[in-house]
Every structure is written in structure tokens, then in C-alpha cells.
Amino acid sequence: MTAATKTKQASRLAAALEHASGDKRFKILEVHMKKHQFRQDALIEVLHKAQELFGYLEDDLLLFISAKLKLPPSRVYGVATFYHFFTLKPQGEHTCVVCMGTACYVKGADKVIEALQENLKIKSGETTADGKVSLLTARCIGACGIAPAVTYDGQVAPKQTAATALEKINQWK
Amino acid sequence: MQLEDLNAIAAKRKAATRKVCLRTCMSAGCMSSQADLIKKNLETEVKAQGMEAEVEVRRVGCMGFCGQGPLVGVDHHQDGHHHEELFEFVKPEDAPAIVRHLKGGECQVQRGDPHHPFFAKQVKIVRANGGLVDPENIEDYIVLGGYQALHQVLTEMKPAEVVEEITKSGLRGRGGAGYPTGLKWGTVAKSAGAKKYVVCNGDEGDPGAFMDRSVLESDPHLVLEGMAIAAYAVGADQGFLYVRAEYPLAISRLQIAIKQAKQLGLLGAGIFETPFNFNVDIRIGAGAFVCGEETALMASVEGKRGTPRPRPPFPAESGLWGCPTLINNVETFANVTAIITKGADWYASFGTEKSKGTKVFALTGKITNNGLIEVPMGIPLRQIVEEMGGGAPGGHQVKAVQTGGPSGGCIPAQHLDTPVDFESLGKLGSIMGSGGMVVMDDTTNMVEIAKFYMEFCMDESCGKCIPCRAGTVQMHHLLEKITKRQATARDLAKLEELCDMVKNTSLCGLGQTAPNPVLSTLRFFREEYERLLQPDPFGPRGNGSPQTQSAGAAH
């Protein structure tokens, strides 16, 4: 590695830590890491906590974690991008997660998501331009007995149809 | 903690039993329909009616009949008699009527039949306590004989005897592949190493399956006790419970359970005042299907990207951080306690010659009675679908039953008399899988289903090996072409060739089984594919020979 990239890396890290010093949530995150004794194998737990605190994983946050756990940034970034649960983009004010498990699918979850995509004019995985609603799909939330299930802001709603889903979404607008 | 203390807790809890118990299902399914509010309203009404001395309102785990939820069960204990009632589709505002009916009042809430075939045909070993105990109260578990098996093992049996007992029971891994559990335990026990680990695989990723979620939510101590017994048998002192992030309720109940068990000295150092130590940590997954594969799961526990690695070495020899590691599914661990308490012979009396015991299935899809069932191995599929499940709703015909999720296959209606065990399902090109059973009726398009699963595998492929990473994309592309009516017979042949290649050359189970849904639908519903094919402008061999063919004649 050349000296120039090293300096650049160090200054990038310094900027991230500077950012961290002014935000209380970084403190909470550090306490959480301490609870895990800054163990490197607790990386996924730490990322969960970070996403819970910040809503999404921004670059500075990942750099902060990599510095504290003494892991290369590539490793932290690699893990954060591997798992579907972590998101590197900010989420909308409300989230709507349509379960696309097999049971939900055969009972019409595809029609629910189609209706939502059309109504919100976004594809699944995107957030509306006004930042109000994020539309997501889940692999299976294990609520197959009440399929099709949709999670609105963390609350699972049973036996959804295109009509009930649109009604719920319209309340958010 | 000694046996007397355990018995004292049980006796105290038993003495507190009241005449009537209102069991409110508070599993993820019923919770989504305000089960918490139902429980609160029931409590308020019991108080208002001054019936606190007689009526207990209890939070319980899954009762199984999820499609009819939220459920409230009523137990009447009187003069040694036990009488049961069941209310379905309960709304929070129904609570006062249910409480008043205990005093003889009118109650319009829909009643369920607790002796319906859906319940009556079940044999409950794993789910014996599900829907009866409060999962957040360890005393409820202890009063039903909880942690007695662990005491028995620690004080009366040698580790080798425990392995022997499990081997004798014929228990096979419930994660899907059906590897003999006793053999696995024996290998880990024999592996040299000062440090060993026990891992519980709760990464239930198959869409359409929720057995493990239900067991973890309803009876977390059963799994913890099973893990502790396993740890004693193989010589481990540290356990990891890997649970999906999609199951927040299961995670919080496990956290409570571990805390309570530690407080009572049933986990931790010197359990039952023996030299045996065992700690359990929860590891939360982050949404990667491939982490259900054991080597990928171990990478994830170590905080890395969940990619599999070649086997051997098997985890039993070199697993977590290079130490011998025992990995079993949630349901496998949940069977252990019963085998120890009631004996291997008792356990082996259920099931078929090669598949012993019971299996929990999540019966979902186009079926009248949705929910969780536990049945003895070898039960004909028809009994499950028609008698217990009540067939397809709305006068439709059952067309196929999908088992094993994206790694399994579809069993067509003409094979419904197949006994459900590892071998019979394998012969039909499907697998037992972890227990998802999705029923499809005559309105379901099988090619779309195959495409649905292929899309799933394509998204979930970790990208480490090429056959799976590139093969699933190509197979999905071909399936898309077929469903759009743009494919020819040659595309179908290419699809079959690819299936064969991906199946035989992928690194891990995900890739090796990804073609299964296509292969099994092709085997039984080939005409649905062929109906969508277009005539090939270049002839069947693609060499421009003038030979013409109709859309239907693909072979």
C-alpha cells in the first residue's frame, strides 16, 4: 500500500470519528460493543444494534464499527452488504413489508405487491420520492397460517388483499 | 439447584392452579390480530367480575390452529375432571362475553371443536406443551416435568449412555436431510478437542414453514434443555442458538427463557451441583437463506459473510473456530427430552421402520384448516390433507402438495396415499424438508410455482460457487421465457440439462437442491410446460431441417 492511500484512509477515518463524537447514538453503540467485549465475531449483533439506532448503515457508521472492532472496513462492508436485513440507504417514514413466502404467494401476495407498486409508483425495495413510504418484500415471516401477511411499521396484519393494503397505505399519505 | 428445589417449584406452581384457565394464544400469528389486547381485556373482566380466585388468564404459545386465530382455550378443572372449550376468531371486544359465560352467561363467539380431526389425529411429542404453558414463565415448564430429564442425565447417565439412548431411539435430524442424530452426537463426542460447541439451527428459511418459530415461541425451555443434554453427551460447554431476525418474538422469549434458567442455576456453571457447565448465547441471523446450511451458519455465528465451505472436514470434526461442533435443528433438540424421560423404545414405537417418531408440519396454502400439526411418521399424506386439513376450500380440488420448500418438490394428487417419511418422499423426487407443506389447488399454475422458487434460489445464492450463482440465473431466465410463451422445445431441453448440471456440481445444499422444484414439476406436470412452448422455427434440432413440429410434441 502506498503512503498516499494510507494517509487518505487515516483522514477518512478521522472524519468518521469526528462525526461520531458529536452524536449520542454512537456512544450507545459503543456501550453495546463493550457488552460484547469488542469481540470481532459479534459484528452481526453490532450491525443489528447500529441499524436499530440509526435506521440504516451509513459509511461513517461502518467505518466507526470497523475501527472499534479492529476489523478491516472491507470485512464490515462485506458483511453489511451480504445480509438482506441490513440496508445502506435511509428508509422512508413508514415501511410496508409484503411477505412473499410460498403460502402467501399462492394466496395472492403477488397481487398485493402489484397493487402497492402501482399505487406508490415505486418498485419493491424502493422508497417514495417524498420519503414517506418504503416498500419491501420479505422471504417468509413465518406467519403462514394467516397468509397473505403484510407488516406495516412492524405490525403484522393477517389475510391481506390489494384493497386492504391500499387502504392502509392511504392512511399514511 | 437440586432435584428437591425443582420439585418444590413444581409443587408450588401446582398449588396455585385455579379452577379455570383461560389460555390466550400469543404466538406471532395470533398476536397480529391483537391477542395481547384480548388477554388484557380478559384480565380486566375477570377482575371486574371478582373471579380472580378461580380464573387464571394465561399467555400461551401456539395452539396450532393458526388459520382460525386468535384462539382462546378454556380449561375447566373440577373434581379431577378436565373439560376443554375453544373459541375461534376472538376479537378484543369478545373478552367480557367469554368471561361471563363461565358464570353461565350468553356467548356468541364462534366455538371451535377441540376434538376436531385436526387436533384428534395429532401425536404430540415436540409440541406437547405448546399452547399449554406460558413460554415466559419457567415454572410452567417445570410443573410439567421440565428439566427432570437434564437432572436424570447429569446424575444417572454417562455421556456415552446418552448417545446410545438417542441412537437407539432412531431419531433423525429434523432439518430436512434426516441424518441419524445419534451417529452425529457420537462423532462429536469422539472428536478430540478441549473445546466443543453445540449449535441449534433456528434459521428456518424455507418459505411456508414456521414449525421452529412456533416451538421457540411456545416452549423455549424444551429446546434449551435438549441442547444442554446434547452438550453433556458430546462434552461441550458452550451453545449457540441461531435464530432468524424475522422472528423477533421468538428471540425475546428465548432471551427471557435463558435468563430465567440461569437464575435458577439450570444453565451456567455447576448445573444441579455437578461439574457440568453450559452456557447458551443467542445469535441473530440477518436474512440470508443460505445460513441454514451448516457451514454457512457457522461462518455467520463467527460474524462473517454466510458462505458455505466444502465438506469434509465436517463440523463434527472441525466447526466453529476449528473446534468440534454439533449442529442440530430446533425440532431435533426438542425431541431429546422426551426420549430421555420416556425411553428410546417408547419413542421408536412411533413412525415407520426407518423414520421414527413424529414430525411437525406447517400446513398452509390452499387448504381449509391452516396451521401446525404434529403427526407420526408414515401417516399417509391424504390423511393430513383431507381429514386434518379439510381439503381445498371453495370446492376446488387439491392438485399437489409441495414439501421441502425451495429444495423440495411437488407431490401430485394421484400420489396422496404416499406415507410421509424420509424415504417415500425421496422416491417421489421431493424431500421431507424442515416441514413446510404448502397445498396447491387446481387454480395454481405449476410453472409459475417453479419460477417462484427459482427466483428465490437466484436471490439467495451466496455467489461463492459458479454453478449455483450463474446456473440459477440462467434457469430463471429460461423459466421466464417459458411463462412468457417465448420458449421452444430446445429451451426446455436446455433447462433440463442445466438442472442436471447445477444439481451435480454445486458446492452446498442450496445449489444442489435448487433445481428440485423444476425437476419435480416437470416430472408430474410436464404438459403444463409443453402447453406454453412455441414451435421451433429451426426444427427440433436447431439445424434448420424442414421437419415441423407442433407446440405439444416436445419429445
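Residues numbered from 1 in each chain as written. Chains lettered and ligands numbered in written order. Predicted model: local features only at pLDDT ≥ 70, side-chain atom pairs only at ≥ 80, totals over all residues.

1. Structural notes on the overall build of chain A
- When helices and strands are counted, chain A shows eight helices and four strands.
- In chain A, the succession of α and β elements from N to C terminus is α-α-α-α-α-β-α-α-β-β-β-α.
- The principal-axis extent of the C-alpha atoms belonging to chain A is close to 60 × 30 × 30 Å.
- The buried share of chain A, taken over its 173 residues, is 38%.
- Considering only contacts in chain A between residues 6 or more positions apart, those separated by 24 or more positions represent 62%. (Helix = DSSP H or I, 4+ residues; strand = E, 2+ residues; numbered from the N terminus. Buried ≥ 20, exposed ≤ 12 C-beta atoms within 10 Å, placed from the backbone. Contact = placed C-beta atoms within 7 Å.)

2. With respect to the environment of Val 360 of chain B
- With respect to the element layout, Val 360 of chain B can be found in strand S10 (residues 358-365).
- For Val 360 of chain B, a count of 27 C-beta atoms within 10 Å translates into the label buried.

3. Considering the pairing of strand S14 (residues 436-441) of chain B
Residue and element names in this part refer to chain B.
- Burial runs high along S14: six of the six residues are buried.
- Neither face of S14 is left uncovered, since the one carrying Gly 436, Val 438 and Met 440 and the one carrying Met 437, Val 439 and Asp 441 both have all their residues buried.
- Taken together, the four bridges between S10 and S14 define a ladder with parallel strand orientation. Residue Leu 363 lies in a different strand from S14, and its bridge partner there is Met 437.
- With five bridges connecting them, strand S12 (residues 398-403) and S14 associate as antiparallel partners. In the sheet register, Thr 403 faces S14, and the bridge partner there is Met 437. (Pairing = 2+ DSSP bridges.)

4. Let's talk about the interface of chain A and chain B
- Listed per partner, the contact involves 33 residues of chain A and 39 residues of chain B.
- Elements supplying a minimum of two residues to the side of chain A that touches chain B: helix H3 (43-54), helix H5 (73-82), helix H6 (102-106) and strand S4 (155-157) of chain A.
- A class-by-class count of the residues in the side of chain A that touches chain B yields 22 nonpolar, eight polar and three charged. (Nonpolar A, V, L, I, M, F, W, Y, C, P; charged D, E, K, R; others polar.)

5. Brief notes about helix H3 (residues 35-48) of chain B
All names here are of chain B.
- If you check H3, its first and last C-alpha atoms are 20 Å apart, about what 14 residues at 1.5 Å a residue would give, namely 20 Å.
- Ala 35, Ile 38, Lys 39, Asn 41, Leu 42, Glu 45 and Val 46 are the residues of H3 that are buried. Projected down its long axis, H3 carries its buried residues within an arc of 165°, all on one side.
- Here the buried face of H3 lies against strand S1 (20-25), helix H2 (28-31), strand S2 (55-60), strand S3 (72-78) and helix H4 (95-101).
- Two residues or fewer past H3, Gly 50 is found with a positive phi of approximately 65°. (Expected span 1.5 Å × (residues − 1). Arc of directions from axis to C-beta.)

6. Concerning the nonpolar core
- Formed by 216 residues in total, the largest nonpolar core has its most connected members in Cys 99 of chain A together with Ile 229 and Ala 230 of chain B.
- Of all the elements, helix H11 (residues 220-234) of chain B adds the most residues to this core, at 11 residues. (Core = buried A, V, L, I, M, F, W, Y, C linked by C-beta atoms within 7 Å.)

7. Considerations on the packing of helix H4 (residues 59-68) of chain A against H5 of chain A
Residue and element names in this part refer to chain A.
- The contact between H4 and H5 brings their axes to 9 Å, and the two run at 125°. With respect to their mutual orientation, H4 and H5 come out oblique. As for how H4 packs across H5, the hand of that crossing is right-handed. Contacts between H4 and H5 involve Leu 62, Leu 63, Ile 65 and Ser 66 from the first element and Pro 73, Val 76, Tyr 77 and Ala 80 from the second. (Axes fitted to C-alpha atoms, helices over the stretch in contact; angles between N-to-C directions. Parallel < 35°, antiparallel > 145°, perpendicular 65-115°, else oblique. Left-handed = near helix turned anticlockwise from the far one by under 90°.)

8. Some points on the domain arrangement of chain B
Residues and elements named next belong to chain B.
- For chain B, the assigned domains are domain 1 (18-120), domain 2 (146-348), domain 3 (358-444) and domain 4 (447-530).
- Taken over C-alpha atoms, the centre of domain 3 sits 22 Å from the centre of domain 4.
- Taken together, the contact between domain 3 and domain 4 spans 10 residues of the former and 14 residues of the latter.
- For the side of domain 3 that touches domain 4, the element with the most residues is strand S13 (residues 409-412), which contributes three residues.
- Within the side of domain 3 that touches domain 4, the residues separate by chemical class into four nonpolar, six polar and no charged. (Domains from an automatic or database assignment.)

9. A word on the environment of Lys 259 of chain B
- You can see Lys 259 of chain B is positioned in helix H12 (residues 248-263).
- For Lys 259 of chain B, a count of 12 C-beta atoms within 10 Å corresponds to the exposed category.

10. Comments concerning the sheet that holds S3 of chain B
- On the basis of which strands lie adjacent, the open sheet formed by five strands has the order S2-S1-S3-S4-S5 (chain B) and mixed pairing. Every interior strand has two partners, whereas the edge strands, S2 and strand S5 (111-112) of chain B, have only one.

11. Overview of the confidence of the model for chain A
- Averaged over chain A, the pLDDT score is 91; the fraction of residues at 70 or greater is 99%.
- Mean pLDDT values for the elements of chain A range from 83 in helix H1 (residues 3-21) of chain A up to 96 in H5 of chain A. (pLDDT = per-residue confidence, 0-100.)

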